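# Fold and geometry: a report
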Amino acid sequence: MNRLLVTCEHGGNRVPRGFEALFRGAGRVLRSHRGYDRGALETAKFLARQLGTELVATTITRLLVDTNRSESNPSLFSEITASLDPEKREKVLDQFYRPHRNAVESSVRRWIDSGFTVVHVASHSFTPLLNGEVRHADVSWLYDSRRPGEREFVYRWRAALRSLRPDLRLRRNYPYRGTSDGLTTHLRRAVPESSYIGIELEMNQRLAVASLRRVLAESLGQALGKGVEKR
């Protein structure tokens with residue numbers, strides 16, 4: 001039996017108390033795609049509410065620390081926080097990075113121990129234009145195509161969404177690779193393959209994301225084999 005978990009790693013652009021000085025004059029970049037994933041948190045909340053499941057999210061800006069990167073990743077800290085000394089970096093990790101990662105992994109392990117296969121949907125969004133390159137997709141799914149469970153689940157979700165919104169441009173493992181460093185990649189190594197399906201949902205920020213939420217929830221519910229609660 002499947003159990004859905006929804007997460008959001010880049011849900012906000014909040015600068016926590018004590019770190020304001022680092023971000024003085026950085027308002028524009030905080031409001032940009034580099035500061036957070038616009039629309040991702042609202043979509044994550046809607047999916048979790050409509051499908052009656054747990055949401056684990058963080059609203060600390062990714063420019064402080066990126067909770068979707070491993071601790072060994074060079075881009076874990078941005079150019080704004082790269083100058084922090086080791087003690088302050090450890091403080092950031094303890095207060096804002098590890099709590100989110102540990103909460104997600106704890107939920108995954110708890111449900112696996114209860115006999116479920118966890119379907120983990122991490123809600124993200126991408127800017128329509130990056131470094132002069134137009135992104136040719138409306139919705140995409142990042143996953144490991146070598147894992148049958150993830151591949152088959154994405155195919156079901158994509159087919160369900162296509163039937164509801166044939167006008168959308170749907171892609172897989174675009175504009176990023178599903179096996180790049182991320183929270184789902186970490187969890188694939190941490191728990192049994194037979195019990196974990198890790199998917200990053202990617203939405204183009206050029207869309208009115210609110211108009212997508214209903215069909216995303218409905219199509220995800222169909223892929224899970226359950227109806228969507230009407231609210």
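Placed above this text is the structure.
Here's a quick rundown of the structure. (Residues numbered from 1 in each chain as written. Predicted model: local features only at pLDDT ≥ 70, side-chain atom pairs only at ≥ 80, totals over all residues. Heavy atoms only, no water.)

## With respect to the packing of helix 3 (residues 86-113) against helix 5 (residues 183-190)
Here is the rule: Where helices are involved, their axes are fitted lines through C-alpha atoms of the stretch in contact, as for all axes, and angles between N-to-C directions lie from 0 to 180°. Secondary structure elements are defined from DSSP: runs of H or I of at least 4 residues count as helices, runs of E of at least 2 residues count as strands, and each element is numbered from the N terminus. By definition in this entry, angles of less than 35 degrees are roughly parallel, angles greater than 145 are roughly antiparallel, angles of 65 to 115 are roughly perpendicular, and the rest are oblique. For any pair of crossing helices, the crossing counts as left-handed if the nearer helix is rotated counterclockwise from the farther one by less than a right angle, and right-handed if it is rotated clockwise. The contact criterion used is simple: two residues touch if any of their non-hydrogen atoms lie within 4.5 Å. Polarity classes work like this: nonpolar for Ala, Val, Leu, Ile, Met, Phe, Trp, Tyr, Cys and Pro, charged for Asp, Glu, Lys and Arg, and polar for all others, with Gly in that last group.
It is the contact of helix 3 with helix 5, at a shortest axis distance of 11 Å, that shows an interaxial angle of 45°. Between helix 3 and helix 5, the interaxial angle falls into the category oblique. With respect to the hand of their crossing, helix 3 and helix 5 are arranged in right-handed fashion. In this structure, helix 3 contributes His-100, Arg-101, Val-104, Glu-105, Val-108 and Arg-109 to the contact, and helix 5 contributes Leu-183, His-186, Leu-187 and Ala-190. Classifying every residue of the contact of helix 3 with helix 5 by side-chain character gives 5 nonpolar, 2 polar and 3 charged.

## Some points on the sheet that holds strand 8 (residues 196-204)
For sheets, the rule is that strands pair by backbone hydrogen bonds, running either parallel or antiparallel. Formally: If DSSP finds at least two bridges between two strands, the strands pair.
Judged by pairing direction, the sheet is mixed, and its 6 strands sit side by side in the order 2-1-3-8-6-7 without closing on themselves. In this open sheet, the two edge strands, each paired with only one partner strand, are strand 2 (54-57) and strand 7 (170-172). Each strand of the sheet is rotated relative to its neighbour by a mean of 25°, with strand direction disregarded. As paired strands, strand 6 (residues 139-142) and strand 7 are joined by 3 bridges and run parallel to one another.

## Concerning helix 3
Note the cut-off: To get the bend at a residue, fit one axis to the 7 residues ending there and another to the 7 starting there, then take the angle between the axes.
Residue Arg-98 marks the point of greatest curvature in helix 3, where the axis turns by about 45°; the proline Pro-99 follows within four residues. Just past helix 3, the residue Gly-115 takes up positive phi, approximately 100°.

## Topic: the packing of aromatic side chains
For the record, the criterion: The pairing test for Phe, Tyr and Trp rings, Trp by its six-membered ring, is centres within 6.5 Å, and the orientation test on the planes gives stacked under 30 degrees, edge-to-face over 60, and tilted for anything in between. When accessible area is computed with a 1.4 Å probe and restricted to protein chains, residues below 20% of their type maximum are described as buried, those above 50% as exposed, and intermediate ones as partly exposed. In this scheme, Lys NZ or Arg CZ marks a charge over a ring once it lies within 6 Å of the ring centre and within 35 degrees of the ring normal.
Following the criterion strictly, the structure yields 3 aromatic pairs and no others. Arranged with centres 6.0 Å apart and planes meeting at 80°, the rings of Phe-19 and Phe-96 form a pair that is edge-to-face. One end of the pair, Phe-19, is in the loop between strand 1 (2-8) and helix 1 (27-31); the other, Phe-96, is in helix 3, with 77 residues separating them in the sequence. Exposure class is identical for Phe-19 and Phe-96. Each is buried. Each ring, one from Phe-153 and one from Trp-157, has its centre 6.3 Å from the other, and the planes form 70°; the classification is edge-to-face. Of this pair, Phe-153 and Trp-157 both sit in helix 4 (residues 148-164), 4 residues apart, which is roughly one turn of the helix. Since its relative accessible area comes to 0%, Trp-157 is described here as buried. Among the aromatic side chains, those forming a connected cluster through ring pairs are Trp-141, Phe-153 and Trp-157. Over the ring of Phe-77 we find Arg-89; its NZ or CZ atom is 4.6 Å from the centre of that ring.

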